[in-house]
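Next come the chains, spelled out residue by residue.
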Amino acid sequence: MSGTAGIAFAQDAAPADTSAATEVVVTGFKKSYADAVRSKKNNIEITDGISSDGLGRFPDLNVGEALQRIPGVQINREAEGRNATINLRGMPGSYARTTLNGQAFADPPSLSDDSSTPLGAFNSDIFSAFMIEKSPMANAQSGGLSGNIDVQIAPALSRKDGGFAKASYEYNALGKLAAPAFTVGYNKHISPTLAVFGTLAYKHENFRRDTLRFNTYSALSAQGTGQSAADFASQYGAYYSPTACTSSAAAFCSSLASALNMTDADAAQYVNSSTGSKGKAGAWYDSALRQYTRTNEGNLWTGSAGIEWKPNDSTKLGVVGFYTDRDLPKTTQYFLINSMWDGAGTVATHGDPVSTSDGRYLYSDITMTNFPAKSSTRLYSQHQQSKGLVANADWRDDKWRAAAVLSISNSLSSSLETELDLQTNPNYSGGTNGITANFNTGLGKLGDFSYNVTPSPQNAIFNYAFNDVTASTVKNGKVCDGDTPPTYAANAWNWTSCDPENLYTAGGVYNLNVSGSESYAYNQVNSAQFDLERYIDFGPITSIQGGVRLEQNRFKSKGFRNMAYGIDTTKITQDMLIAAPSINDFMGGDAAISKNWQVIDAEKFLSAVTPVTAYNGGGLTSVGLNILYADSAFGKYNFTNTNNLTQAYIQAKYDTQIIGHRVRGNFGARYETTDNSIQTLDQTSAFADSVGALANFSQHEIKNKYHYWLPSAIFAADIRDDLVLRGAYYKTYVRPQARQYSPVSQFGQPLRNGSSSTPSLEIDKATVRIGNNNLRPYLADSYDLSLEWYNRPNSLISLAYFDKKITGRIADTSDPALLCPADGSNWGYGALNWNGTNCIATTLSTSSKIVFVEASGSYNLDKPTYVHGLEFNIQQNLDFLPGFWKNFGGNFNYAFTQAKSPALAPFAGISKFTYNAIGYYETTKWGVRATYNWRSDYPLNANGTYSGKARSVKARGQLDLSASYNINDQYTVSLDAYNMTNSKRFEYENDSKLVRWIDYDGSTYTVTLKAIF
């Protein structure tokens, strides 16, 4: 529990290895794997880890890629910016606790749901090792429901004197992008009892990802095809049910009546013997396609430094500091978004459909006309920073050991999106907008994909004057009345407060969207603790250890949304419309994309149209655009969440003999109490328009308090000198991610629902999002068993089993039976009544108007989730073989993970099977390593603006290579190659032919020269 020195507390040392006399001194790849085996054997807890190789490096693209070599660790390749987040033992990344030298610290906060620490925010050169504690004990930091990930910086006195300098050059084949890097470090023993060290690492990041997103599959309809009912029924009727679909029908069921937009009685005349003869789930097509490139460019600076002093044989004092700053201000997303959303456009199919495993029939080859045709540029600046100090004091003698640690750290993350869209809108007057798209999904085969859009250019840009026409929407004194469409002037970009992100030309033919969300998160963690251990001789008990700890962690969130009001559109020029930078080498030329792809030069555009005219005295975002207060990006994400923790633990260590076999371990309990304070900026009054104002919000404070007893126990039994059986139980908890489950409440104003209203009865709807300010942490009881055979020096064969019961996980609900309190005055709606179907605001309703209130929120589930799995690992150093063969070695590990969770809260992102196969050949002069990582398919849930059914990721494998050559004792050159298999990432919906997403990263190569001095 005590920082750098306290690693010894958390990881009790075993006695000296009896095989030491025959141990072989190793370097390079062999050293890295040997250190991991030695650490695993010496620890009491069930652990796995990796250490730097003999070159002082982790030969992987980033920390996350390195950690996935460990059984039970899966890297999340959904992340586009090489954030290197991971899942541990199949559970979401937020279920793992990341520590630094055993201490909680302010890692860069995640801005995405259920994600772990973004390890890509750190340069691995400052770290000495990474340890996965799969069974943390009472003295370890709580919060690691799936385990603790400890990143370690070695203290000064443990380091060898000397310095090193390293220069690298990274080449990303996709886009032919280069990224130089360098690292320098120096360690110095000023005296035998005083040492210092420092490391500084820089890397220029410059990489790209290309993506095809097949956003939505839709059932064909007579309206969508532009056909008469008779023609549609003749061509497609065989794929539709002749009768209405029932609730007990298959998951996908489409009736001919629904496809014709008729009642069953009216559609009966088009039903014949062939109707439904091939299927009843309908004929489907991809109605929305996104062609997308993300470029990432910026700099990563990471450093560490420390000092350690040993004034006498009993005392050691030390300080370790770290700093990292990853700033990618030029990250940009480029989209070509063509779809048939909102009933716009006409589709024609070609060829015959193919059947899918869920009963649907799919047309892969289609032509769309008169659809909303959009291109989009999104300046997507990313920034992550973390810094802190860990100071520790350690004292011991023959009877006592005491340690004190003071830790201070803070961090930030920001994601600043500025969205600039151009769209040519459909012609709703019976004509066409003149745009046609032909594309073939390829049924999941990239080589069969094709896409073409005519005419060129698809989109246009104009330097018209800005024109506010909100006044034209007023009816009966009400702005933005749904029955009064705005009047758009000619030769102008027209704006209204009813649609504040968009500008329209006359007739709504073209529109320019200026929007985007800005997200900020700040994290501060300060702690102080004291540990005391008394060595005793009381039967099997060898020591009693206890400690107290005080911690304050504060999380602050801010969020904003841009809007188009007030930009100087007269400064727009035609040269701001450029060709997308990836049109000539998209996916390395493997995809036949549309090259009719124009996008806005974001930096040139923003510098020209700003500064803006402020809207009604409102504020501006960081890029100088007006804040859209009525959007959830503002309303949901402005809050502060503070936890003050008081923690104490006690544990007993034991060491005894049972039937002639040594058994050692510890048992204990940890008590934690948390005082939680949340300050929120809640919406407390109705918006006057769709823009809103800061005056519509006010500050509120919520206080919570909770406490937990967290017992734990572990044993390690030496069945033989080289065979160890370990078992562990521990209980811990995880707090819900603050941004994922925002505590802020939002109360929408009642708006007229045009589709439900009639001339005699107006139906209004108010939307409420209840702040998640009373959610409890989720708890887990964990059981582990591990059998480890250390068959040779630096070698291992192990098999581990784990089982977890998780309670209190969180589910979302919008059930009015649960979310319709009788008194809705706190929501601003007065008395509420649930009539069995809807929640009605009786105070606001009249004989001619009914106001429905639709609320949503989150709650802790009563039903548990179970996760269990097996982890097998074999690591062998073949130095016992003669001659050439003694230089070989390798590792193979395999993990099986399975979860059983309530249907309301499925565990997404779990691969049932994963494995790593690693082989190396190494001499004193040179070495090579090949690593192949594979994970089976796993489910995801739809999110963001990505619509459609839940999707899955196909199984994927990747081959990486690494080689090094020692020029002499001072200089080493190395070459690393990543994704030599050029593997892509595929998502699909139920059937692989229903492809949803294809990511292409290409291969990456790094050459490095290192000198030591």
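Because the structure is predicted, anything quoted here is derived from the model rather than measured. (Residues numbered from 1 in each chain as written. Predicted model: local features only at pLDDT ≥ 70, side-chain atom pairs only at ≥ 80, totals over all residues. Heavy atoms only, no water.)

What follows concerns the domain arrangement of the chain. The domain architecture assigned to the chain consists of domain 1 (28-212 + 293-332 + 380-417 + 520-558 + 633-749 + 768-821 + 857-1012) and domain 2 (218-244 + 257-285). The straight-line distance from the C-alpha centre of domain 1 to that of domain 2 is 53 Å. (Domains from an automatic or database assignment.)

On to the environment of Leu512, then. With respect to the helices and strands, the residue Leu512 is situated in strand β25 (residues 510-515). Overall, Leu512 belongs to the buried group, its relative accessible area being 0%. In the structure, Leu512 is positioned 52 residues away from Ala564 in sequence and 8.6 Å away in space, judged by C-alpha atoms. Once you skip the residues sitting within four places of it in the chain, Leu512 turns out to touch Asp421, Leu422, Trp493, Glu501, Asn502, Leu503, Ile572, Ile600 and Phe605. (Helix = DSSP H or I, 4+ residues; strand = E, 2+ residues; numbered from the N terminus. Buried < 20%, exposed > 50% of the residue type's maximum accessible area, 1.4 Å probe, protein only. Contact = heavy atoms within 4.5 Å.)

Once that is clear, we can look at the sheet that holds strand β14 (residues 346-350). Spatial ordering of the open sheet is given by β14-β17-β20-β21, a layout of four strands whose pairing is antiparallel. Whereas interior strands pair on both sides, the edge strands pair on one side only; in this sheet they are β14 and β21 (450-454). Between one strand and the next, the sheet's axes are offset by a mean angle of 15°, whatever the strand orientation. Bridge count for strand β20 (residues 436-440) against β21 is five bridges, and the pairing is antiparallel. The residue of β21 that forms the bridge with Asn438 is Asn452. (Pairing = 2+ DSSP bridges. Axes fitted to C-alpha atoms, helices over the stretch in contact; angles between N-to-C directions.)

Taken together, the side chains of Tyr169, Tyr171, Leu961, Leu975, Met980, Tyr1005 and Val1007 define a hydrophobic patch exposed on the protein surface, amounting to about 570 Å² of accessible area. Of all the secondary-structure elements, those providing two or more residues to the nonpolar patch are β8 (162-172) and β55 (1004-1012). Relative to the helices and strands, Tyr169 resides in strand β8. (Patch = residues over 30% accessible without salt bridge, like charges linked within 9 Å, V, L, I, M, F, W, Y side chains within 5 Å. Areas by Shrake-Rupley, 256 points an atom, 1.4 Å probe, with all protein chains shown as cover. Salt bridge = Lys/Arg side-chain N within 4 Å of Asp/Glu carboxyl O.)

Leu212, Leu220, Phe232, Tyr240 and Trp597 are the most contacted members of the largest nonpolar core, which has 54 residues in total. Counting residues domain by domain, this core receives three or more from each of domain 1 (28-212 + 293-332 + 380-417 + 520-558 + 633-749 + 768-821 + 857-1012) and domain 2 (218-244 + 257-285). With sequence-adjacent residues up to four places away left out, Leu220 is seen in contact with Thr225, Phe232, Tyr236, Tyr240, Ala259, Ala283, Tyr285, Val347, Thr349 and Tyr363. By size, the runner-up hydrophobic cluster in this structure holds 31 residues, among which are Val63, Ala66, Leu119 and Phe197. (Core = buried A, V, L, I, M, F, W, Y, C linked by side-chain atoms within 4.5 Å.)

Right, let's get into the pairing of strand β47 (residues 913-922). One ladder, built from nine bridges, connects strand β46 (residues 888-900) with β47; its direction is antiparallel. The residue bridging Gly889 from the neighbouring strand is Tyr920, located in β47. Sheet topology places β47 next to strand β48 (residues 926-935); nine bridges connect them, and they run antiparallel. Bridging from a neighbouring strand, Ala917 pairs with Tyr932 of β48. Where β47 hands over to β48, the hairpin turn is made up of three residues, counted between the paired strands.

Bringing the sheet that holds strand β5 (residues 103-104) into the picture now. Ordered in space as β1-β6-β7-β4-β5, the five strands form an open sheet in which the pairing is mixed. Two strands in the sheet have a free side with no partner beyond their single neighbour: β1 (47-51) and β5. For strand β4 (residues 96-100) and β5, the ladder comprises two bridges, and the chain directions are antiparallel. By the bridge assignment, Thr99 is partnered in β5 with Ala104.

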